[in-house]
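Residue-level listing of the chains:
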Number of protein chains: 2
Amino acid sequence: MTGYGKYFPHSCKVYVTGSQPDIRVPQREIELAHTVNPDGSENFNEPFRVYDTSGPCTDGVDGPLPARRAAWIAERGNKTQLECAREGLITPEMEFAAVRENVKPAFVRDEIAAGRAIIPLNRCHPETEPMVIGRKFRTKVNANIGNSAIQSSIGEELEKMRWAILWGADTVMDLSTGKDIHETREAILRHCPTPVGTVPLYQALQKVAGDATNLSWNVYRETLIEQAEQGVDYFTIHAGVLQRHIPLANKRLMGIVSRGGSIMAQWMQSKNEESFLYTHFAEICEIVRDYDIAFSLGDGLRPGCLADANDDAQFGELETLGKLTQIAWKHGCQTMIEGPGHVPLHLVKENMDRQLADCFEAPFYTLGPLVTDLALGYDHLASAIGGANIAWHGCAMLCYVTPKEHLGLPNKKDVREGVVAHKIAAHAADLAKGIPGARDRDDAISKARFEFRWEDQFNLCFDPERARRFRGQSMPPGEPFETEQRYCSMCGEHFCSMRINHEIRTS
Amino acid sequence: MTGYGKYFPHSCKVYVTGSQPDIRVPQREIELAHTVNPDGSENFNEPFRVYDTSGPCTDGVDGPLPARRAAWIAERGNKTQLECAREGLITPEMEFAAVRENVKPAFVRDEIAAGRAIIPLNRCHPETEPMVIGRKFRTKVNANIGNSAIQSSIGEELEKMRWAILWGADTVMDLSTGKDIHETREAILRHCPTPVGTVPLYQALQKVAGDATNLSWNVYRETLIEQAEQGVDYFTIHAGVLQRHIPLANKRLMGIVSRGGSIMAQWMQSKNEESFLYTHFAEICEIVRDYDIAFSLGDGLRPGCLADANDDAQFGELETLGKLTQIAWKHGCQTMIEGPGHVPLHLVKENMDRQLADCFEAPFYTLGPLVTDLALGYDHLASAIGGANIAWHGCAMLCYVTPKEHLGLPNKKDVREGVVAHKIAAHAADLAKGIPGARDRDDAISKARFEFRWEDQFNLCFDPERARRFRGQSMPPGEPFETEQRYCSMCGEHFCSMRINHEIRTS
């Protein structure tokens, strides 16, 4: 794809340069129409700039991406972002992320130094455009892609990745569990401008032919290094699921719904040993540190239904994750924590409050939570409700859920629905948290609405192509609907409150 | 349509009889499969019953509905439900609603007597199946239908009404503003088993050829009586918009976005007189009381964008609505209050708290609120986020918003999306509020999920047809996907956490 194509017309890519010429931060600039005043005169509307995640694809780069961070990585030497921040250094990555967020670079550095934010960027993934995850910044959205044993094609997964970042995904996870896991990940990493996360246990299980009881530290370690060398930016590691948690999970209605959690539980039960992810955690930290990968400490015991929400298994694991966070920090590793899952609305805030307390304010990264178990086919919506709430209370990144959740592997259409739903949830949270500047875009679209600037309304929203199509569908065929009429098919002309307002104000 | 058709397979209509044989309360009964135990033995699962709004259509009645409440209305004489409740009487309508909610009839009566709940049922609409709106009951969902000057067909609106109640709408509003307003409403009323609401001002404006300055109390009064005689169950009346509020609204970014509010503001400004809806409110109460219609006091000054949320115009009107509530109650009229609109998440609860305080706990009925202005094409989702939150805090009924909001008149597809989105939001709120029994259905679907009873999962959710279709799409062609396989295309067999759980529990 070259440019934003038909999905974001009247948009162009611009770059803001930082303190050195190779810090070039992308933004999408939306051209706006003039405001036409009652007397016929016109006022100019400044183009509106928004955060952009689409990367060099929208500059026309179709093949592997350039290694733009290579010089910064070489210059920094063998230090992690966390170690730099603790020493008071502002890395180019921190400055890059700060420009994106419209904050001071020192603020990004201080949040990283305190463990409240992370910049997940493997040294071996120099193609990335740096971004920061933390609750004082814009709420981020992750999109899961990856094949399964049932559906598998490298081209399709690459296409889903590009589609996800076009719609605004801030990171992607390659959760492939099917064929060609290494090759699929390689293709994604070399073409992806956002951080890429994985769950290394999936590939380790593939290596032992899907039999969890044949897993071992050695196989796992080898897989970690393989993926680290490829450039994976953050690793989900379910090191908090311990032997003592299994009886707690067995009491549940749904048991263990995390794939990683259930695999490790099966391994522990078959060996009658503590999880090798836990017993070898210090060695894992050493590998993770060497590449400056970020930890995403997995919630292997997240509740899979409302009946299991906020139970002893879940919060027992959360406490363990807090202890592991402190170990990771000692090793200089950036760390975030994964969260639920299925949680009723009134129990959402407790999840956030306990995570902040138990994990020392490390960023929280949640899957939903889904606020009901009944939303099959609409789980993106149940997740957006819970996600908006938990992000308002402090969650730093939402993992999208698509309409196919619980039913099957998402296709491109599902990826778009899932990303946009969670962009809306994340933005709703940013407004509620009072992130500076978050409301500017709402105000701009509302002004456009009031002034019947239909094209600007479309172009300022999250999905201009759909908005334009929907308006077209509901006007009679052949009508010049886009910019001409000062009403829509909902109310018609006489009943248009916007039109009446203009009459009231000018009378 | 006869029966539930392909949309709700394995469902049948059942009736629960009350204290007299003509109190027959519909429920939809979902047949469940047996649980297959690890040893091959089977356990029976009781059929699951859910609240049903679809009415006699799903018994095969295709034409006008039978007047099932006629005898109750005749027997009660000229008293409203509120007057009966205050006298300690339990009407058949109260008992009917109580059976639907699985509560004691006296509880429904007491909530109505206190003004905290309403049963909106015009004496001239004997076709209705009674239901109660109040924050101690299941959160309700309203679907707006009706034509506009741009799109108009009685058959289509009738079809949308049936479609809305099939998916679970508890009431419908006919907001027609186009041709054949009287005939469209007549068709809807004679075929609709749920309460029907209108905004009488729309037809009054049609009668004066769309010129607000030609409106008068006489035209309005005549319209009220015309609609009351037809059987409209609740009237939206924007009597709280006063002259002194107009300057407050003129300061706003979006001004007045309610059609009724903007029409009345234009009238007041052209006449330099107080709103006839306000000055004649006592006479309106007399008409409304005679038919036992319920008031839905309209929020003519609801915020149309985040910048205008919770402002002086909005809360000034809310206080006026509180005073009008007391006048309506004095006349024996059941009353609810309409609410916003566009409100950021952190200001949602204040809306609810102030409404309860200012309007003496009369039920609140909100449009969303939408938690961002940016969700064009996805406004049902922005509304579901705000709706779930406000209903959790006490809102009694959510007016759906469809994906076409701000863009055009919804079609059947949009109606389904809008209703299901708000059913999910309403249910999420019921779970959070702790409505007794609300979680039973979540637990049933989660048990089915854990046991790989795919058909039961589909049938227990809000949209079985979509869930089944989505699963089918994501399995390879020709696979017997529905009940056979103990995994899905998301994870494949090796990575299925549910399968691993069963192994853990039986090992």
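Only a predicted model underlies this, so the values are computations on that prediction, with no experimental measurement involved. (Residues numbered from 1 in each chain as written. Chains lettered and ligands numbered in written order. Predicted model: local features only at pLDDT ≥ 70, side-chain atom pairs only at ≥ 80, totals over all residues. Heavy atoms only, no water.)

1. Things to note about the sheet that holds strand E2 (residues 24-30) of chain B
Residue and element names in this part refer to chain B.
- A sheet is described by the order of its strands in space; here three strands give the open sequence E1-E2-E5, paired in antiparallel fashion. Edge positions in the sheet fall to strand E1 (11-17) and strand E5 (48-51), since each has one partner strand and no second. If you compare each strand with its neighbour and ignore which way they point, the axes differ by 40° on average. (Pairing = 2+ DSSP bridges. Helix = DSSP H or I, 4+ residues; strand = E, 2+ residues; numbered from the N terminus. Axes fitted to C-alpha atoms, helices over the stretch in contact; angles between N-to-C directions.)

2. Observations concerning the sheet that holds strand E12 (residues 294-297) of chain A
- The eight strands lie next to each other as E8-E9-E10-E11-E12-E13-E14-E15 (chain A), forming a closed barrel whose pairing is parallel. Taken pair by pair, the neighbouring strands of this sheet meet at an average axis angle of 25°, ignoring direction.

3. A word on the pattern of salt bridges
- Counted according to the given criterion, the structure contains 74 salt bridges over all chains.
- Taking the shortest distance from any N to any O, the salt bridge between A:Arg453 and A:Glu451 comes out at 2.8 Å.
- Among the ionic pairs, B:Arg49 bridges to B:Glu29, the shortest N-O distance being 2.8 Å. With B:Arg49 in strand E5 and B:Glu29 in strand E2, this residue pair connects regions lying 20 residues apart in the sequence.
- B:Glu29 gets classed as buried once you look at its relative accessible area, which sits at 18%.
- A cluster of three or more residues bridged by salt bridges with shared partners is formed by A:Arg185, A:Lys207, A:Glu222 and A:Glu226. (Salt bridge = Lys/Arg side-chain N within 4 Å of Asp/Glu carboxyl O. Buried < 20%, exposed > 50% of the residue type's maximum accessible area, 1.4 Å probe, protein only.)

4. Some points on the packing of helix H7 (residues 200-207) of chain B against helix H10 (residues 259-271) of chain B
Residue and element names in this part refer to chain B.
- At a minimum axis separation of 10 Å, H7 and H10 run at an interaxial angle of 50°. In terms of axis orientation, H7 runs oblique to H10. Crossing hand, H7 versus H10: left-handed. Residues Leu 201, Tyr 202 and Leu 205 of H7 form the contact with H10, whose participating residues are Arg 259, Gly 260, Ile 263 and Met 264.
- Class assignment for the residues of the contact of H7 with H10 results in five nonpolar, one polar and one charged. (Parallel < 35°, antiparallel > 145°, perpendicular 65-115°, else oblique. Left-handed = near helix turned anticlockwise from the far one by under 90°. Contact = heavy atoms within 4.5 Å. Nonpolar A, V, L, I, M, F, W, Y, C, P; charged D, E, K, R; others polar.)

5. Topic: the pairing of strand E11 (residues 234-237) of chain A
Residues and elements named next belong to chain A.
- The two faces of E11 match: Tyr 234 and Thr 236 on one face and Phe 235 and Ile 237 on the other face are all buried.
- Pairing of E11 with E12, which is carried by four bridges, proceeds in the parallel orientation. When the bridges of E12 are listed, Thr 236 appears paired with Ser 296.

6. Observations concerning the interface of chain A and chain B
- With 106 residues of chain A in contact, the opposing surface of chain B contributes 106 residues.
- With both sides pooled, the region where chain A packs onto chain B buries about 9100 Å², and carbon together with sulfur makes up 66% of that total.
- Three residues stand out in chain A for area buried against chain B, namely A:Leu374, A:Tyr378 and A:Phe495, and they jointly supply 10% of the buried area on that side.
- Counting across the interface, chain A meets chain B through 28 residue pairs in polar contact (both at pLDDT 80 or more).
- In terms of residues, the side of chain A that touches chain B owes the most to one element, helix H16 (residues 412-433) of chain A, which gives ten residues. (Buried area = accessible area lost by both parts, 1.4 Å probe. Polar contact = N/O pair within 3.5 Å; in protein donor to acceptor, adjacent residues only side chain to side chain.)

7. Details of the packing of aromatic side chains
- This structure, assessed with the given rule, holds 28 aromatic pairs over all chains.
- Taking the centre distance of 6.2 Å and the plane angle of 90° together, the rings of B:Tyr234 and B:Tyr365 count as edge-to-face. Pair noted here: B:Tyr234 is in strand E11 (residues 234-237) and B:Tyr365 is in strand E14 (residues 364-367), with a separation of 131 residues, a long-range link.
- These aromatic residues form a ring-pair network of at least three members: A:Tyr4, A:Tyr7, A:Phe8, A:Trp163 and A:Trp167.
- One Lys or Arg, A:Arg466, reaches over the ring of B:Tyr378 and ends 3.9 Å from the middle of that ring. (Phe/Tyr/Trp six-rings, centres within 6.5 Å; stacked < 30°, edge-to-face > 60°. Lys NZ or Arg CZ within 6 Å of the ring centre and 35° of its normal.)

Everything listed here is a matter of coordinates, which is why it stays silent on function.
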